[in-house]
Amino acid sequence: MNSKISFRDVVKTFPLKGATFTALGGVSLDIADQEFVTVVGPSGCGKSTLMSMAAGLQEPDSGSVLVDGTPVSGPGPDRGVIFQQYALFPWLTVRQNVEFGLKLASVPAAERRRRAEQAIALVSLSEFADALPKTLSGGMKQRCAIARAYAVDPQVLLMDEPFGALDALARVQLQDQLLQTWSQEKRTVLFITHDVDEAVYLASRVVVMAARPGRIHRVIDVDLPYPRTEEIRLSTEFRRIRNEVWTSVYHQEAPARSA
Amino acid sequence: MAVITPAEKTATETRQQRPRRSRRRPLVLNAVALAAGVGLWAVVAALGLVEDLPSPTAVAQKAGTMISDGTLASDTWASLRRVFIGYALGVVVAVPVGFLMGWYPMARALIEPYIQFFRTIPPLALIPLAVVLLGIGEVPKIAVIFLASFMACVVSSFQGVIDVDKTLINAARVLGAPDRTIFAKVVVPASTPFILVGMRIGLGASWATVVAAELIGAQEGLGYRMQKASTWFEMDTIFVSLITIGVLGLVMDRLLLLAERRLTGWQERR
Ligand SMILES: Nc1ncnc2c1ncn2[C@@H]1O[C@H](COP(=O)(O)OP(=O)(O)O)[C@@H](O)[C@H]1O
Ligand SMILES: [Mg+2]
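Residues numbered from 1 in each chain as written. Chains lettered and ligands numbered in written order. Predicted model: local features only at pLDDT ≥ 70, side-chain atom pairs only at ≥ 80, totals over all residues. Heavy atoms only, no water.

A. Representation of the overall build of chain B. Counting its secondary structure elements, chain B contains ten helices and zero strands. Secondary structure elements of chain B, listed N to C terminal, follow the sequence α-α-α-α-α-α-α-α-α-α. For chain B, the C-alpha radius of gyration of 23 Å lies well beyond 18 Å, the compact-globule estimate for 270 residues. Seen through its principal axes, chain B has C-alpha atoms that stretch 70 × 55 × 30 Å. Of all 270 residues assigned to chain B, the portion counted as buried reaches 40%. (Helix = DSSP H or I, 4+ residues; strand = E, 2+ residues; numbered from the N terminus. Rg over C-alpha atoms; globule rule 2.2 N^0.38 Å. Buried < 20%, exposed > 50% of the residue type's maximum accessible area, 1.4 Å probe, protein only.)

Given below as structure tokens:
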């Protein structure tokens, strides 16, 4: 199996009061093309650090991060990133936000317009295309951020707790919307969350991390079929996997069974 | 930032309604307060409670003659010209310097000690030095005003760059923006609110400085007119000049406030 993203013995430290703090102490992980992988773990275990290295915003101290077999050397339009804080440009309208990346890619105006419109429709924001972010709810802001990432058509989506600040209802809606678009145009998704239900519902594999030093604790396969439905969410098999993930997140001192 | 749709909806609704009701009432109250103040002034003047205090009507008459003989216009123009030149120069220099300091740590390290030091000196305290170094023409006055507006503006545009949300910069980077695009399309717009606040403070400082600068060797200007009037005990002239200074300062501040509202209307909070 060719891996789309691979982390090889990634170590990342930060200086901390004269000492060094090991945020990631040798993480290895392979993510296949078109795979949907979620990462859960206690806060501070290095989830965001891991993702920002795939995004090219940070570099590992040692080890390597490869995308398509090539070491990551900086951010690029082949990898779309979605942040928890939405990170919309507040002075631009929804449409202008979505066109931002297309302008950078020198897409001609007419084509740009068309692709932006398409991405905005995909997240059901067409009505609000000319609205400023401040007039949108949290869920709508995140949908706009997703459209902005989709518009440049990246092969990889890196999402750092994207639905973490939303209420339960908006979160479930966005999860379904995300899975739906993923089933239409398969991308490789690395999705970070602190919500165990979300991790299991979305992924074909859940990576559970542990802290101090940040490392992979367990990788749990989710043998549930796509498309994921409410029926699946309420099934006993879902609950079983969810309990397994929960236990390995919250009772990490317990001896880990091999997955 | 965790906002739930319904809550935000009600927030926008009340936001739309409230200004209409609560903006009119302060205006009425403002007018009442002003009228009461002038009335009190008239009473105090009529009763002679304060020696040499001119009555509102005397001041209004004086204003009429100063308008018709053109002295008010030429004084106002002289003061405004100094302010505009000094202020504009200050802003034009301060904004790039502030950006430079915010963007390049080395520039900050080189410039900041001077900024911090000169910031503690009130611009007015530099007038004697400016007169000695630059004479008593237009140059020293404009130089001091320049310094006043520069100091107010440089700090705020520097702060604006420093305070740009790091995730916005990262969001632009992951969409493929090179540094210069990040600067032009993210840092500049994101720091505009700070710069405009600095510009307002700078304008206030410039206006305060021009009047004081004119107290020293000038041929015309609102400050000069007051200085001259005070030697002849022309209280009404002093009052006309003072009121003109206040009104002009207020008008300029409101114009900038209007520009600020226009340019930074995208902000989440105000
Ligand atoms: N730029 C940084 N400087 C210093 N410490 C950092 C930095 N970024 C992250 N860390 C530390 O590294 C650890 C992992 O951070 P992060 O990847 O954000 O964790 P998570 O996303 O899992 O909550 C945390 O303890 C955090 O304090
Ligand atoms: Mg994080």
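Here the narrative resumes, following the displayed structure.
B. View of the domain arrangement of chain B. Residues and elements named next belong to chain B. If you check the domain split of chain B, you get domain 1 (1-53) and domain 2 (55-263). For domain 1 and domain 2, the distance between their C-alpha centres works out to 27 Å. In this complex, domain 1 contributes six residues to the contact, which on the side of domain 2 involves six residues. Summed over both partners, the interface of domain 1 with domain 2 comes to about 510 Å²; 83% of that surface belongs to carbon and sulfur atoms. The largest contributions to the domain 1 side of the interface with domain 2 come from Trp41, Asp52 and Leu53, which together make up 76% of the buried area. At the boundary of domain 1 with domain 2, the tally comes to zero salt bridges. Summed over the shared surface of domain 1 and domain 2, the number is zero residue pairs in polar contact (both at pLDDT 80 or more). When grouped by side-chain class, the residues that make up the side of domain 1 that touches domain 2 number five nonpolar, no polar and one charged. (Domains from an automatic or database assignment. Contact = heavy atoms within 4.5 Å. Buried area = accessible area lost by both parts, 1.4 Å probe. Salt bridge = Lys/Arg side-chain N within 4 Å of Asp/Glu carboxyl O. Polar contact = N/O pair within 3.5 Å; in protein donor to acceptor, adjacent residues only side chain to side chain. Nonpolar A, V, L, I, M, F, W, Y, C, P; charged D, E, K, R; others polar.)

C. Structural detail: the domain arrangement of chain A. All names here are of chain A. If you check the domain split of chain A, you get domain 1 (1-78 + 156-259) and domain 2 (85-153). Here the C-alpha centroids of domain 1 and domain 2 sit 25 Å apart. Domain 1 puts 14 residues into the contact, and the matching count from domain 2 is 13 residues. Carbon and sulfur atoms make up 61% of the area that domain 1 and domain 2 hide from each other, which totals about 1000 Å². At the boundary of domain 1 and domain 2, one finds one salt bridge.

D. Highlighting the sheet that holds strand E4 (residues 62-67) of chain A. Residue and element names in this part refer to chain A. Read from one edge to the other, the open sheet built from four strands follows the order E2-E1-E4-E5, with strand pairing classed as antiparallel. Every other strand in the sheet has two partners, leaving strand E2 (19-32) and strand E5 (70-71) as the edge strands with one partner each. In the packing of helix H1 (residues 47-55) onto the sheet, the strands contacted are strand E1 (3-16), E2 and E4, and the crossing angle to E1 comes to about 120°. (Pairing = 2+ DSSP bridges. Axes fitted to C-alpha atoms, helices over the stretch in contact; angles between N-to-C directions.)

E. Focus on the packing of helix H2 (residues 56-68) of chain B against helix H10 (residues 235-263) of chain B. Residues and elements named next belong to chain B. The geometry of H2 relative to H10 is characterised by a closest axis approach of 9 Å and an angle of 75° between their N-to-C directions. In terms of axis orientation, H2 runs roughly perpendicular to H10. Here H2 contributes Ala58, Val59, Lys62, Ala63 and Met66 to the contact with H10, which in turn contributes Asp236, Thr237, Phe239, Val240 and Ile243. Grouping the amino acids of the contact of H2 with H10 by side-chain chemistry returns seven nonpolar, one polar and two charged. (Parallel < 35°, antiparallel > 145°, perpendicular 65-115°, else oblique.)

F. Inspection of the nonpolar core at higher detail. If you look at the biggest cluster of nonpolar residues, it comprises 138 residues, and the most contacted ones within it are Val245 of chain A together with Val186 of chain B. It is helix H8 (residues 179-214) of chain B that contributes the most residues to this core, eleven residues altogether. Discounting residues that sit within four places of it in the chain, valine 186 of chain B has contacts with Phe89, Trp91 and Phe100 of chain A together with Val164, Leu168, Ile169, Ala172 and Thr181 of chain B. Core analysis: the next-biggest nonpolar cluster, separate from the first, contains five residues, Ile127, Ala130, Val144 and Ala213 of chain B among them. (Core = buried A, V, L, I, M, F, W, Y, C linked by side-chain atoms within 4.5 Å.)

G. Spotlight on the site of ligand 1. All names here are of chain A. Surrounding ligand 1, one finds Phe14, Phe21, Ala23, Ser43, Gly44, Cys45, Gly46, Lys47, Ser48 and Thr49. Within the contact set of ligand 1, an oxygen atom lies 2.7 Å away from a backbone nitrogen or oxygen of glycine 44. Between ligand 1 and serine 48, the relevant distance is 2.7 Å, taken from an oxygen atom to a side-chain nitrogen or oxygen of the residue. When isolated, ligand 1 has an accessible area of 560 Å², and the protein chains bury 61% of it. If you list the elements that add at least two residues to the shell around ligand 1, you get E2 and H1. If you tally residues by element for the shell around ligand 1, the top one is H1, at three residues. Tallied by class, the residues present in the shell around ligand 1 amount to four nonpolar, five polar and one charged. (Near = heavy atom within 4 Å. Areas by Shrake-Rupley, 256 points an atom, 1.4 Å probe, with all protein chains shown as cover.)

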